[in-house]
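Residues per chain are reported as follows:
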Amino acid sequence: MKSLTQLIQHMSSSDPPAHDELFAAAYPELRKLARSRLHSGGGRNTVLDTTALVHESYLRFLGADQLRLEDRKAFFAYASRVMRSVIVDTVRERQAERRGGGQAELTLNTLMQDNLPAGENEILQINDALLALEQVEPRLARVVEMRYFGGYADAEIADALDLNKRTIGRDWEKARLLLLAMLKS
């Protein structure tokens, strides 16, 4: 069996079976990543199940024709970014459906808005704040993305970004404080 890095390099040759082989080899780790993201914090995110998140992410990988990754670290860093995108897009779609999905709005009361799961609104607020943080501190945004949306530990993030664990810890604290300030405003 080829290593994940070899499969990633083989996939760069645009060989369709290579995509399937890479996905099959990475599937257990992608499920673990998705499970940790969806079930962290006591089941905070109930917008997707683990399998749906992994499979939707895979479809987006296939859609990225020009995907060029060097190694395993880059692949899983990219996977956390794709999972973030899938989660945020799913929340937006669900909220659009609740508001009529393009139909004329007729408000009888505010009970429906008040009953939205807090996790969905939280995901969108964090995503918006993360987009703003990305404009001023891209590395901090990557750390948050990998930790919050990817479920990575500091050591895994440090390995993926070629930084040391203490730097990631400081970046997380700084990003957390900046995001908290953005979310309060």
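Cut-offs applied
Residues numbered from 1 in each chain as written. Predicted model: local features only at pLDDT ≥ 70, side-chain atom pairs only at ≥ 80, totals over all residues. Heavy atoms only, no water. Phe/Tyr/Trp six-rings, centres within 6.5 Å; stacked < 30°, edge-to-face > 60°. Helix = DSSP H or I, 4+ residues; strand = E, 2+ residues; numbered from the N terminus. Buried < 20%, exposed > 50% of the residue type's maximum accessible area, 1.4 Å probe, protein only. Contact = heavy atoms within 4.5 Å. Axes fitted to C-alpha atoms, helices over the stretch in contact; angles between N-to-C directions. Parallel < 35°, antiparallel > 145°, perpendicular 65-115°, else oblique. Left-handed = near helix turned anticlockwise from the far one by under 90°. Nonpolar A, V, L, I, M, F, W, Y, C, P; charged D, E, K, R; others polar. Arc of directions from axis to C-beta. Salt bridge = Lys/Arg side-chain N within 4 Å of Asp/Glu carboxyl O. Expected span 1.5 Å × (residues − 1).

Caption draft 1: View of the packing of aromatic side chains. Taken as a whole, this structure holds three aromatic pairs when the rule is applied. Here Phe23 and Tyr27 contribute two aromatic rings whose centre-to-centre distance is 5.3 Å and whose plane-to-plane angle is 75°, an arrangement assigned as edge-to-face. Separated by four residues within a single helix, Phe23 and Tyr27 lie in helix H2 (residues 16-43), roughly one turn from each other. On the basis of relative accessibility, which here comes to 15%, the residue Phe23 falls in the buried class. Ring geometry for Phe75 and Phe76: centres 5.0 Å apart, planes at 85°, overall edge-to-face. Taking relative accessible area as the criterion, Phe76 reaches 6% and is therefore assigned buried. These aromatic residues form a ring-pair network of at least three members: Phe23, Tyr27 and Tyr58.

Caption draft 2: Focus on the environment of Leu62. Assignment of secondary structure puts Leu62 in helix H3 (residues 50-63). Taking the C-alpha atoms as reference, Leu62 lies 7.4 Å from His19; in sequence the two are 43 residues apart.

Caption draft 3: Geometry of the environment of Leu30. Mapped onto the secondary structure, Leu30 falls in helix H2. In this structure Leu30 comes out as buried when scored by relative accessible area, which is 1%. When the C-alpha atoms of Leu30 and Thr50 are compared, they prove to be 9.1 Å apart, with 20 residues separating the residues in sequence. Ignoring sequence-local partners within four residues, the contact set of Leu30 consists of Phe23, Val54, Phe61, Phe75, Phe76, Ala79 and Met83.

Caption draft 4: Representation of the packing of helix H7 (residues 138-149) against helix H8 (residues 154-161). Remark: H7 packs on H8, axes separated minimally by 10 Å, with the N-to-C direction vectors making an angle of 135°. The pairing of H7 with H8 is recorded here as oblique in orientation. When you trace H7 past H8, the crossing you get is right-handed. In this structure, H7 contributes Arg142, Val143, Met146 and Arg147 to the contact, and H8 contributes Asp154, Ile157, Ala160 and Leu161. Here the residues of the contact of H7 with H8 are counted per class, giving five nonpolar, no polar and three charged.

Caption draft 5: Region of interest: H8. Those residues of H8 that sit buried are Asp154, Ile157, Ala158 and Ala160. Burial along H8 is one-sided: seen end-on, the buried residues are contained in an arc of 165°. Following H8 by one or two positions, Asp162 adopts a phi angle in the positive range, close to 55°.

Caption draft 6: Quick peek at the pattern of salt bridges. Scanning the entire structure with this criterion turns up 10 salt bridges. Of the charged contacts, one joins Arg81 and Glu134 as a salt bridge, the two residues approaching to 3.0 Å between their closest N and O atoms. Here the residue Arg81 occupies a position in helix H4 (residues 72-98), and Glu134 occupies one in helix H6 (residues 118-136), the gap between them amounting to 53 residues. Look at Arg81 and you get partly exposed, because its relative accessible area is 31%. Overall, the relative accessible area of 23% leaves Glu134 in the partly exposed class. Arg92 is paired through a salt bridge with Asp128; the nearest N and O atoms lie 3.7 Å apart. Here Asp128 lies in helix H6 and Arg92 lies in helix H4, a separation of 36 residues in the sequence. Residue classification places Arg92 among the partly exposed residues on the basis of a relative accessible area of 38%.

Caption draft 7: Fine view of H3. Between its first and last C-alpha atoms H3 spans 20 Å; for 14 residues at 1.5 Å apiece the expected length is 20 Å, and the two agree. Looking only at H3, the buried set comprises Thr50, Leu53, Val54, Ser57, Tyr58 and Phe61. Take H3 and look down its axis: the buried residues cluster within an arc of 135°, on one side only. Pointing more than 90 degrees away from the buried face of H3 are the exposed residues Leu59 and Gly63.

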